[in-house]
Amino acid sequence: MVSRNGHDGVSRYYNTINKYQILTTDQEIDLALRIKAGDKNAEEKMIVHNLRMAANIARRYAVRREPTGRLDQEDFLDLAQEGTLGLMKAVKRFDPAFNCTFSTYAYYWIRQSITRGIANDISVRGSYRVPVYLLSEIMRLEKKILQYEHEKGKKLGEEELAELTGESVEIIRKLLIERR
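The rules behind each value
Residues numbered from 1 in each chain as written. Predicted model: local features only at pLDDT ≥ 70, side-chain atom pairs only at ≥ 80, totals over all residues. Heavy atoms only, no water. Phe/Tyr/Trp six-rings, centres within 6.5 Å; stacked < 30°, edge-to-face > 60°. Helix = DSSP H or I, 4+ residues; strand = E, 2+ residues; numbered from the N terminus. Buried < 20%, exposed > 50% of the residue type's maximum accessible area, 1.4 Å probe, protein only. Expected span 1.5 Å × (residues − 1). Arc of directions from axis to C-beta. Axes fitted to C-alpha atoms, helices over the stretch in contact; angles between N-to-C directions. Contact = heavy atoms within 4.5 Å. Nonpolar A, V, L, I, M, F, W, Y, C, P; charged D, E, K, R; others polar. Salt bridge = Lys/Arg side-chain N within 4 Å of Asp/Glu carboxyl O. Polar contact = N/O pair within 3.5 Å; in protein donor to acceptor, adjacent residues only side chain to side chain.

### A word on the packing of aromatic side chains
Counted under the stated rule, the structure contains 9 aromatic pairs. Residues Y13 and F76 carry aromatic rings whose centres are separated by 6.1 Å and whose planes lie at 70 degrees to one another, so their mutual orientation is edge-to-face. Linking Y13 in helix 1 (residues 9–17) with F76 in helix 5 (residues 73–93), this pair joins segments that are 63 residues apart in sequence. With a relative accessible area of 0%, F76 lands in the buried category. Aromatic side chains Y14 and F76 sit 5.7 Å apart centroid to centroid with 15 degrees between the ring planes, which places their arrangement in the stacked category. Of this pair, Y14 sits in helix 1 while F76 is found in helix 5, placing the two residues 62 residues apart along the sequence. Here Y14 falls in the buried class, since its relative accessible area comes to 15%. An aromatic cluster of three or more residues is present, and its members are F94, F98, F102, Y105, Y108 and W109.

### Digging into helix 7 (residues 132–152)
Here helix 7 is 21 residues long and its end C-alpha atoms lie 30 Å apart, about the 30 Å a rise of 1.5 Å per residue gives. Along helix 7, the residues classified as buried are L134, L135, I138, L141, I145 and Y148. The buried residues of helix 7 all sit within an arc of 155 degrees when viewed along its axis, so they share a single face. Away from its buried face, by an angle of more than 90 degrees, helix 7 presents the exposed residues Y133, K143, H150 and E151. Positive backbone phi, at 75 degrees, marks G153, one or two positions downstream of helix 7.

### Comments concerning unusual backbone geometry
Although it is not a glycine, N99 sits at a positive phi angle of roughly 60 degrees. Here N99 is to be found in the loop between helix 5 and helix 6 (102–126). Judged by its relative accessible area of 72%, N99 falls in the exposed class.

### Overview of the packing of helix 1 against helix 5
Between helix 1 and helix 5, the shortest axis-to-axis distance is 9 Å and the interhelical angle comes to 30 degrees. In this structure, helix 1 uses G9, V10, Y13 and Y14 to contact helix 5, whose residues at the interface are Q73, F76, L77, A80 and T84. Here the residues of the contact of helix 1 with helix 5 sort into 6 nonpolar, 3 polar and no charged.

### Digging into the pattern of salt bridges
Summed over the entire model, instances satisfying the criterion amount to 5 salt bridges. Here K40 and E43 are joined by a salt bridge, their closest N and O atoms 3.8 Å apart. Here the residue K40 and the residue E43 both occupy positions in helix 3 (residues 40–48), the gap between them amounting to 3 residues, near one helical turn. Measuring nitrogen to oxygen at the nearest pair gives 2.6 Å for the salt bridge that ties E158 to R173. Of this pair, E158 sits in helix 8 (residues 158–165) while R173 sits in helix 9 (residues 169–179), placing them 15 residues apart in sequence. Given the relative accessible area of 28%, E158 is considered partly exposed. Each of the salt bridges in this network shares a partner with another, and the network as a whole consists of D30, R34 and D39.

### Looking at the environment of D8
Considering the arrangement of structural elements, one finds D8 in the segment before helix 1. Each C-alpha atom, one on D8 and one on Q73, is 8.4 Å from the other, the two residues being 65 residues apart in sequence. A distance of 2.7 Å separates a polar atom in the side chain of D8 from the backbone nitrogen of S11.

Dropping the structure here:
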């Protein structure tokens, strides 16, 4: 999708979020304390200044979902939105007493929100919900398949895949069925 001025949605999104500087640790602590006190402006500031982190995590997942290894704009923007929801949750729950930086704390919430979004997207297409633990196994299996096919240039059979992953053929069959 290219807009009238020649920029696609992803470029516009990055141009918007790059306007906000990365916060220092002292600024994060100050904002976190103000958020705990109920300051909504501090909460908004913490969110917008950390959108780049959510976007970068979303970008990794969007590229990972494409067999070509290229970024799919729609996937990226959807996953960036999911990541922002995780970021918002992290902002509300962060406490400077955790003795870690905000980015370390928020990474977990952003990643969890994105993987849940992927799981829900897959479950909509398959008309049933795929448990997140199973989705993780499917994603791990797909990564092995893509890596093997890229290196060797040929398709893997179930037995070869079982040998490559160290799983039983029955488990591989179940994962391949869920993958569809």
